[in-house]
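Architecture and fold: a report
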Amino acid sequence: MATCSKHPEKVIRTFQGSSIKDPSELSENVARRVFTFSQQRTKWRKLEDNFEVGDLFTQQTTDSSIRFCETKQKLSQTCCKLESCTMETPKVWVPDPVSGYILGKIIDIKAETVSVQILNSNEVLTVPYESTYAAEELDDKDVDDNCGLMHLNEATLLNNIRLRYNRDQIYTYVANILIAVNPYFEIKNLYSSETISRYQGKSLGVLPPHVFAIADKAFRDMRALKESQSIIVSGESGAGKTESTKYILRYLCESWGCQAGPIEQRILDANPVLEAFGNAKTMRNNNSSRFGKFIEIHFSNKFSVVGGFISHYLLEKSRICSQSRGERNYHIFYQLCAGAPLELKKKLSLSSPDKFQYLSKGCTQYFTSQETEKLLNKDSISSDQCQKGSLHDPMLDDIRNFRTLDKAFKYG
């Protein structure tokens, strides 16, 4: 296709002279600009024709001529601005098997396909129109709410989340829906008591996206509407549902940063018990919840926590008897073998995990830190543990978690 000139009439002719006969066959951006040029050209010609007729037969006054010249000049400036935008090759996202979508610029438009040159590369891809997505003007600018994107589509949404994730901003809004990306490491002060206090009573969008903002909105709506509120936490395995649920409970039970009372503490202490007996290591997630749960927090007329109820369902019972290679049984078995006192181990005849039929078929390694690994007894170490060493996860430690579990039982 020929290069467009600086006059809108020639721009239209350039597109009309190509194989594309209907602007609807173009990509959305290009079609919109062609249509705009058509409108401006038609309006320009009508004004020009009216002036010529009036000038020849009715001898319009000089003021009318001046007004027309000013109008024509403004139209000319508008067309030039629109044309300059069109002359800048539009950037688009095209599918990529590794990155999902990759950014490029259009270099040719055909009847059914578009040729896109990948940015910072000589690679050229030919893709169907429906596989391309309009890109934002600034590639490295992110927004707190995906609804704030100029071009909201699958590619720009994923790119915005990726930009924020690379800057340790794991939360992004889509209106009043919160998207959370598991960082797999601890972000400093992201869930501190000071952060809880900051989000108290703040509307969505006032502060950066956060799970605390969702919990606060649910609490404020309950207080204002006098109706029960629900927060649905969903996602695939390893997405962070368990951790998000714990932070929501913590926000509601700690009374916006104050020390939790005995009732609130009991609700929070239920988490390590549920995780010990219902979570396990899988191939995709070291702390996968193998059951569903519905948690209720009960408030008084003065909006203070007075109780709670946790119902669980669909526990994966088959995991108790057998596990796939590389997966573990429920955490409680390994916590007992690794962290139980010697007296309790003798009483329960506990030894290394590979000595038990229900544990030996899967992974028999412990989750420990550098400090707690030194506390393991030789009788509690399996052959795999000796050869491969401990498993490491910032959120898991079989010895430390057993102590937390023991404390929760004593407190209850």
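Each value, and the rule that gives it
- Residues numbered from 1 in each chain as written.
- Predicted model: local features only at pLDDT ≥ 70, side-chain atom pairs only at ≥ 80, totals over all residues.
- Heavy atoms only, no water.
- Helix = DSSP H or I, 4+ residues; strand = E, 2+ residues; numbered from the N terminus.
- Contact = heavy atoms within 4.5 Å.
- Areas by Shrake-Rupley, 256 points an atom, 1.4 Å probe, with all protein chains shown as cover.
- pLDDT = per-residue confidence, 0-100.
- UniProt positions renumbered as here; feature names shortened; annotations may be inferred.
- Buried < 20%, exposed > 50% of the residue type's maximum accessible area, 1.4 Å probe, protein only.
- Phe/Tyr/Trp six-rings, centres within 6.5 Å; stacked < 30°, edge-to-face > 60°.
- Pairing = 2+ DSSP bridges.
- Polar contact = N/O pair within 3.5 Å; in protein donor to acceptor, adjacent residues only side chain to side chain.
- Expected span 1.5 Å × (residues − 1).
- Salt bridge = Lys/Arg side-chain N within 4 Å of Asp/Glu carboxyl O.

Here's the deal with the overall build of the protein
Scanning the protein for helices and strands turns up 15 helices and 11 strands. Sequence-distant contacts in the protein: of pairs separated by 6 or more residues, those separated by 24 or more amount to 53%. Carbon and sulfur atoms form 53% of the exposed surface of the protein, whose accessible area is close to 24,300 Å².

Considerations on the confidence of the model for the protein
Mean pLDDT over the protein works out to 83, with 76% of the residues at or above the 70 mark. Across residues 78–87, where pLDDT falls below 50, the model places 18 contacts with residues more than four positions away in sequence or in other chains.

What to know about the UniProt feature "binding site: ATP" (unreviewed entry) in the protein
In the numbering used here, UniProt assigns the "binding site: ATP" (unreviewed entry) feature to Gly235, Glu236, Ser237, Gly238, Ala239, Gly240, Lys241 and Thr242. Mapped onto the secondary structure, Ala239 falls in the loop between helix H6 (211–225) and helix H7 (241–253). Apart from the residues within four sequence positions on either side, Ala239 is in contact with Ala180 and Asn182. With respect to the helices and strands, the residue Lys241 is situated in helix H7. Classification of Lys241 as partly exposed rests on a relative accessible area of 27%. Contact partners of Lys241, with chain neighbours within four places excluded, come to Val233, Ser234, Gly235 and Glu236.

Quick look at the environment of Gly240
One can find Gly240 in the loop between H6 and H7. What makes Gly240 buried here is its relative accessible area of 18%. Through-space distance from the C-alpha of Gly240 to that of Ala180 is 7.7 Å; in sequence the pair is 60 residues apart.

A look at the packing of aromatic side chains
Evaluation of the coordinates by the stated rule reveals six aromatic pairs. Between Tyr191 and Tyr247, the aromatic rings sit 3.6 Å apart at their centres with planes inclined by 5°, giving stacked as the arrangement. Of the two residues, Tyr191 sits in the loop between strand S7 (177–180) and helix H5 (193–198) while Tyr247 sits in helix H7, which places them 56 residues apart along the sequence. Since its relative accessible area comes to 17%, Tyr191 is described here as buried.

With respect to the pairing of S7
Where strand S6 (residues 171–174) meets S7, four bridges bridge the pair, whose relative direction is antiparallel. Residue pairing for S7: Tyr171 is matched across the bridge by Ala180.

Some thoughts on the side chain of Thr364
Here Thr364 is to be found in the loop between helix H12 (357–360) and helix H13 (370–373). At 3.0 Å, the side chain of Thr364 forms a polar contact with the side chain of Ser382. When residues no more than four places from it in sequence are discounted, the contact partners of Thr364 are Tyr334, Pro353, Asp354, Leu359, Ser382, Asp384 and Gln385.

A word on the pairing of strand S4 (residues 124–128)
Of the strand pairs in this sheet, strand S3 (residues 113–118) and S4 are connected by five bridges, and their pairing is antiparallel. Opposite Ser115, over in S4, you have Thr126 as the bridge partner. Hairpin connection from S3 to S4: five residues lie between these consecutive antiparallel strands, with Asn120 at a positive phi of about 60°.

Details of the sheet that holds S4
Taken in spatial order, the five strands line up as S4-S3-S2-S1-S5 in an open sheet, and their pairing is antiparallel. With partners counted over all chains shown, the strands left at the sheet margins are S4 and strand S5 (133–134), one partner each. Of the strand pairs in this sheet, strand S1 (residues 91–96) and S5 are connected by two bridges, and their pairing is antiparallel. Residue pairing for S5: Val92 is matched across the bridge by Ala134.

Comments concerning unusual backbone geometry
Of note in this structure, Asn120 is not a glycine but carries a positive phi near 60°. Within the secondary structure layout, Asn120 lies in the loop between S3 and S4. Here Leu314, not a glycine, exhibits a phi torsion of approximately 55°, which is positive. In this structure, Leu314 sits in the loop between strand S11 (305–313) and helix H9 (318–321). The exposure class of Leu314 is exposed, given its relative accessible area of 73%.

What to know about helix H4 (residues 154–166)
Each α-helix winds once per 3.6 residues, and so residues spaced three or four apart point in a common direction. Taking 1.5 Å as the rise per residue, H4 with 13 residues should run 18 Å; its terminal C-alpha atoms sit 18 Å apart, in good agreement. Buried residues of H4: Ala155, Thr156, Asn159, Asn160, Ile161, Leu163 and Arg164, and no others. Packing partners of the buried residues in H4 comprise S1, strand S2 (100–109), S5, S6 and S7. Among the residues of H4, the N-terminal cap falls to Asn153, whose side-chain oxygen and the backbone nitrogen of Ala155 are separated by 3.1 Å. Looking one or two residues beyond H4, the residue adopting positive phi is Asp168, at roughly 60°.

Re the pattern of salt bridges
Applying the stated criterion across every chain, the model contains 17 salt bridges. As a salt-bridge pair, Arg167 and Asp142 come within 2.2 Å of each other at their nearest N and O atoms. With a gap of 25 residues between them, Arg167 in the loop between H4 and S6 and Asp142 in the loop between S5 and H4 connect regions that are remote in the sequence. Here Arg167 falls in the partly exposed class, since its relative accessible area comes to 39%. Judged by relative accessible area, Asp142 falls into the buried class, the value being 19%. Ionic pairing is found between Asp384 and Arg325, a salt bridge with its closest N-O pair at 3.4 Å. Within this pair, whereas Asp384 is found in helix H14 (residues 383–388), its partner Arg325 is found in the loop between H9 and helix H10 (331–339), the two being separated by 59 residues in sequence. Judged by relative accessible area, which is 13%, Asp384 ranks as buried. The network of salt bridges with shared partners includes Asp142, Asp144, Arg164 and Arg167.

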